[in-house]
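Chain by chain, the residues:
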Amino acid sequence: MDARLSFPLWFGDAAYRKAFIVCCRATSSTLGSPQHRRVEEAARKVGIRVSLGVSERDGDDLFMGIGVINPNGETLVVRRKSKPSGREWDVFASGPGYDVTVAQTPAGNVGTLRSNENLRPLMRAELYQQDIQIQFSSWPHFGLFPGRRAVSYVLAAGASVAIERVAKCVIIAATQIASQAYIDELQLPPGADGAVAAGSGPSRIFEPVTGEVIGGLADPTFAG
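The numbering scheme is per chain: residues are counted from 1 as the chain's sequence reads. In view of the model being predicted, local features appear only for residues whose pLDDT reaches at least 70, and side-chain atom pairs are presented and counted only at 80 or more, with totals across whole chains, interfaces and linings using the full set of residues. Note: side-chain values were computed over all heavy atoms of the structure, leaving out hydrogens and water.

Participant: So, the packing of aromatic side chains: which residues are in play, and what are the values?
Facilitator: Each aromatic ring pair is characterised by the separation of its centres together with the angle its planes make. Aromatic rings from Phe, Tyr and Trp, taking only the six-membered ring of Trp, are treated as a pair when their centres fall within 6.5 Å; an angle between ring planes under 30 degrees marks them as stacked, one over 60 as edge-to-face, and anything in between as tilted. Considering all chains together, one arrives at 2 aromatic pairs under this definition. Measuring from centroid to centroid gives 5.3 Å for Tyr16 and Phe20, while their planes differ by 55°, and the two rings are tilted. A residue pair is termed a helical-turn pair when its members lie 3 or 4 positions apart in one helix, as Tyr16 and Phe20 do in helix α2 (residues 14-27) at 4 residues. Neither Tyr16 nor Phe20 differs from the other in exposure class; each is buried. Helix and strand assignments come from DSSP, with helices taken as H or I runs of at least 4 residues and strands as E runs of at least 2, each series counted from the N terminus. Each residue is placed in one exposure class: buried if its accessible area under a 1.4 Å probe, protein chains only, is under 20% of its type's maximum, exposed if it is over 50%, and partly exposed if it falls in between.

Below you can see the structure in the form of structure tokens.
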């Protein structure tokens, strides 16, 4: 999701959210766009594999997309979140649901799930059936409504551990963080004070079987 939409979407009235939604639509990329090609070229130059969550525009519709690009700069997987959550419905359309595919790479079979797709048994089963070995799991900023388990990293980490225990795969769980300066710029509407906390990461890697976090990145402000 576009970072400028992540928090305003959940607060205020339509008038408050309108400017953020307009900005998100204007900056959303399309498959094969110059933005997309630049990421492919960067992956090729550096020689790395990239999994990237994007706000994808297709005609009049916006989708919560996620893709995998190989070290040759080729996009192997492109898919869309099957069902938006909460107020995401105000902006994003549903993906087809049948695009949960695994790409065969020299590093292993690679697949992706976005946000609460990681909690859905049928979505997870699709990856299991395709012998997933490396899963890229993208999550939002976990500073939204601090203290609520339903939107917390505790829930996300539990989902990652559950997947790796069944599939015996590596989970690369990427999260978004936010600075206090950024939150201040949002000028949240009345009643939203304290509803967003700064930091609230970080990204983690779960290894097979043990579920242990590689690196032990405990700093919630770490942009890893």
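Participant: Quick one: what's the story with the environment of Gly47, residue by residue and with numbers?
Facilitator: For Gly47, the position within the fold is in the loop between α3 (34-46) and β1 (50-58). Taking the relative accessible area as the measure of exposure, Gly47 reaches 42% and is therefore partly exposed. Residues Gly47 and Pro71, spaced 24 residues apart in sequence, show a C-alpha to C-alpha distance of 4.5 Å.

Participant: Which residues make up the nonpolar core, and what values do they have?
Facilitator: What we call a nonpolar core is a set of buried Ala, Val, Leu, Ile, Met, Phe, Trp, Tyr and Cys residues that are connected through their side-chain atoms within 4.5 Å. By size, the foremost hydrophobic cluster in this structure holds 17 residues, and its most contacted members are Leu113, Leu127, Trp139, Tyr153, Ile171 and Phe206. Taken together, the elements giving at least two residues each to this core come down to α4 (121-129), α5 (153-167) and β7 (170-174). Sort the elements by how many residues they give to this core and α5 lands first, with 5 residues. The next biggest cluster of nonpolar side chains, apart from the first, holds 12 residues, and it includes Tyr16, Tyr182, Leu188 and Ala195.

Participant: With reference to specific residues and values, describe the layout of surface pockets.
Facilitator: Volume-wise, the second largest pocket comes out at about 390 Å³. Those elements that place two or more of their residues in the lining of the second largest pocket are α2, α3, β1, β2 (61-69) and β3 (75-80). The way it works is a 1 Å grid over only the protein atoms, where trapped points that fit a 1.4 Å probe form a cavity and open points with protein on both sides within 12 Å along at least five of seven lines form a pocket, and then any residue with an atom within 4 Å of a point lines it. Grid points are joined across faces, edges and corners, and a volume is the space filled by probe spheres set on the points.

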